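Here is what each chain is made of, one letter per residue.
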Amino acid sequence: MANELQYTSVFQKVSFGDYGLRILSSGETSVANEAFAAIQVLADCVVSFTNNTDGGDTTITSLSLNAGQAIYGNFENISLSSGKLIAYLR
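The model shown is predicted, which means the values in this text are computed figures rather than measured ones. (Residues numbered from 1 in each chain as written. Predicted model: local features only at pLDDT ≥ 70, side-chain atom pairs only at ≥ 80, totals over all residues. Heavy atoms only, no water.)

### Notes on the overall build of the chain
Heads up, the rule is: Numbering of helices and strands runs from the N terminus, with a helix taken as a DSSP run of H or I at least four residues long and a strand as a DSSP run of E at least two residues long. Here's how the labels work: a residue is buried when its accessible area is under 20% of the maximum for its type, exposed when over 50%, partly exposed in between, all with a 1.4 Å probe on protein chains only. Working rule for contacts: check all heavy atoms of both residues, and any pair within 4.5 Å makes them a contact. Per-residue accessibility takes into account occlusion by the displayed protein chains alone, with areas from the Shrake-Rupley method and a 1.4 Å probe.
Secondary structure assignment for the chain yields one helix and four strands. Burial analysis of the chain (90 residues in total) assigns 33% to the buried set. Taking the contacts inside the chain whose residues are at least 6 apart along the sequence as the reference set, 74% of them involve residues at least 24 apart. Carbon together with sulfur atoms contributes 48% to the accessible area of the chain, which is approximately 5,400 Å² in total.

### Looking at the confidence of the model for the chain
Our working rule: Known as pLDDT, the predictor's per-residue confidence is scaled from 0 to 100.
Averaged over all residues, the pLDDT of the chain is 87; the fraction at 70 or higher stands at 80%. For the chain, helix H1 (residues 8-15) is the element with the lowest average pLDDT, namely 61, and strand S3 (residues 59-65) is the one with the highest, namely 97.

### Topic: a nonpolar patch on the surface
Operational definition: Candidates for patches are residues over 30% relative accessible area with no salt bridge; among them, like charges are joined within 9 Å and nonpolar side chains (Val, Leu, Ile, Met, Phe, Trp, Tyr) within 5 Å. By definition here, a salt bridge exists when the distance from a side-chain nitrogen of Lys or Arg to a carboxyl oxygen of Asp or Glu is within 4 Å.
A surface patch of nonpolar side chains, amounting to about 250 Å² of accessible area, comprises Leu21, Ile23 and Leu42. Of note, leucine 42 is situated in strand S2 (residues 36-51).

### A closer look at the environment of asparagine 51
This is how it is decided: Counting of polar contacts relies on pairs of N or O atoms within 3.5 Å, with two restrictions inside protein: one atom must be capable of donating a hydrogen and the other of accepting it, and residues adjacent in sequence are counted only when both atoms are side-chain atoms.
Here asparagine 51 lies in strand S2. The class for asparagine 51 is buried, based on a relative accessible area of 15%. Considering only alpha carbons, one finds asparagine 51 and phenylalanine 75, 24 residues apart in sequence, at a separation of 4.7 Å. Once residues within four sequence positions are removed from consideration, asparagine 51 is found in contact with Asp57, Thr58, Gly73, Asn74 and Phe75. Engagement of the side chain of asparagine 51 in a polar contact is seen with the backbone nitrogen of asparagine 74, the distance being 3.1 Å.

### Overview of the pattern of salt bridges
Close approach of charged atoms lets side chains of opposite charge pair. Evaluated as defined, the whole model comprises one salt bridge. Measuring nitrogen to oxygen at the nearest pair gives 2.6 Å for the salt bridge that ties glutamate 34 to arginine 22. Here the residue glutamate 34 occupies a position in the loop between strand S1 (21-25) and S2, and arginine 22 occupies one in strand S1, the gap between them amounting to 12 residues.

This is the structure in C-alpha cells:
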C-alpha cells in the first residue's frame, strides 16, 4: 500500500527517494500495484499513466515530456512509449 504523503517524515523520504525508484525505458511498464510520487525525465519521452486523485485528470495518455522535466502526483500504471525516465515510489 502507498504511503500517506500528508506526514512530513513521509514527504521527506519520498523527496530523497528513500522508498525506491523504477527506471523505465521505451516500451516498458511499471510493476502492477506500485504508486509513484514523481517522474523525472532522463531522455525526451512519451508516457501514459493513471493519476489516482479525487480531482483533475485521472488518465493521461501519450504525454510528451522533455529531458530534465519533473512532474509530481500520485501515479500508477506508467507506460513508456519512447524515451527514459525515473519514477519515484511513494
